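Summary of the model geometry
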Amino acid sequence: MTPPDPNPVFLATATEIVLRAGEIQMARRESGFRVDKKGTIDLVTEVDLECERMCRAVIAERFPDHDILAEELSSGPAEAARSRHRWVFDPLDGTTNYAHGLPIFCSSLALEIDGQREVGAVYDPTRNELFTAERGRGAFLNGKPLGISDTTALLDALLVTGFPYDIHQQGADLVGLFGAFLGQARAVRRLGSAALDLCYVAAGRFEGFWEQHLKPWDVAAGALIVTEAGGRVTGMDGSPFDPVAAHLVASNGHVHEPMLDVIRQYRRDRTSS
């Protein structure tokens, strides 16, 4: 059953905010920006904060009773919701890329209503690519319908993954699983933006994506875009997707179970060794 028509202002607002964030990101690449550290290798820029403040101002003006969960100025992923409506925002996904001048970054915004993701928008300003979705109404790239790839064999699949900022403490396990997938897939990439990784699965550019130690703002919009494009998203253990669980597998559906099998076998081998 098609869900009831959502408020069209919600998607319009999500789109406006990510487009405005993209404008800020591109302008600040030209004018320069300060980079600080949140952790040993975890960066934050003035641009992250400027984009988040812009988002909060727009939401506060239009929907003053809505909650916002965002990367830089929220207390954390477990921040309690006070409203039925919660906007989940990553002001600059791919901050490390951005700080190094690598043009693989975006902004990502989703709206949850009663815990259900209803609207998602992701904007890559370097390619002028706007990915959007509404629950039950499909996913789109610059207004044109998106569709997953029809690749059915893992050996023919191009996969993508990401690593957390504490990789120095977990490198062996993360690289071990990466190697397990290298032995089963056509190739594996690591781009540095989970939101774009998910959108690229939705667009058929990748067949599958997996990652651990994620935050809700990394994946809330992208996961909706994948499912609305016809793909599948679960936890890495095959459980129903939960953005708070911090791990996921997203795919075109055809290679999903083979990907889960690779993860299960890797974990069995690690446990027995």
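Below is a summary of the structure that appears in this document. All chains use their own residue numbering, which begins from 1 and follows the written sequence. Since the coordinates come from a predicted model, pLDDT governs what is reported: local features require at least 70, and pairs of side-chain atoms require 80 or more to be given and counted, while whole-chain, interface and lining totals use all residues. Values shown for side chains rest on all heavy atoms present in the structure; no hydrogens or waters enter the calculation.

1. A short note on helix H5 (residues 194–202)
- Only protein chains enter the area calculation, which uses a 1.4 Å probe; residues under 20% of their type maximum are buried, those over 50% are exposed, and those in between are partly exposed. Working definition: helices are DSSP H or I runs of at least four residues, strands are E runs of at least two. Numbering for both runs from the N terminus. Taking burial as the measure, the nine residues of H5 include nine buried ones, the bulk of the element.
- Within two residues after H5, Gly-204 carries a phi angle of roughly 80°, on the positive side.

2. Regarding the packing of aromatic side chains
- Here a Phe, Tyr or Trp ring, Trp counted by its six-membered ring, pairs with any other such ring whose centre lies within 6.5 Å, and the pair is stacked when the planes are under 30 degrees apart, edge-to-face when over 60, and tilted otherwise. Within the structure shown, the criterion is met by nine aromatic pairs.
- Seen in terms of ring centroids, Phe-178 and Trp-210 are 6.5 Å apart; in terms of plane orientation they differ by 50°. Their pairing is tilted. A residue pair is termed long-range when its members are at least 10 positions apart, and Phe-178 in helix H4 (residues 167–182) and Trp-210 in strand E12 (residues 208–212) qualify at 32 residues.
- Feature note: the residues Phe-163, Phe-178, Phe-181 and Trp-210 constitute an aromatic cluster, connected by ring pairs.

3. With respect to empty space enclosed by the protein
- In this analysis a 1.4 Å probe is tested at points of a 1 Å grid over the protein atoms alone, and where it fits but cannot get out there is a cavity; an open set with protein on both sides within 12 Å along at least five of seven lines is a pocket; lining residues have an atom within 4 Å of a point. Grid points are joined across faces, edges and corners, and a volume is the space filled by probe spheres set on the points. Per the stated rule, a full pass over the model turns up one cavity of 30 Å³ or more.
- Its volume calculated, the largest cavity comes out at about 40 Å³.
- Forming the boundary of the largest cavity are Thr-161, Gly-162, Phe-163, Leu-174, Leu-177, Trp-210, Glu-211 and Gln-212.
- At the level of secondary structure, the elements contributing two or more residues to the lining of the largest cavity comprise H4 and E12.
- Per element, the largest residue contribution to the lining of the largest cavity is three residues, and it comes from E12.
- Three classes are used: nonpolar for Ala, Val, Leu, Ile, Met, Phe, Trp, Tyr, Cys and Pro, charged for Asp, Glu, Lys and Arg, and polar for all others, with Gly counted as polar. Here the residues of the lining of the largest cavity sort into four nonpolar, three polar and one charged.

4. Digging into unusual backbone geometry
- Positive phi is not limited to glycine here, since Asn-142 has a value of about 50°.
- Note on placement: Asn-142 falls in the loop between strand E8 (139–141) and strand E9 (144–145).
- By relative accessible area, Asn-142 is classed as partly exposed at 46%.
- One non-glycine residue with positive phi stands out, namely His-213, at about 65°.

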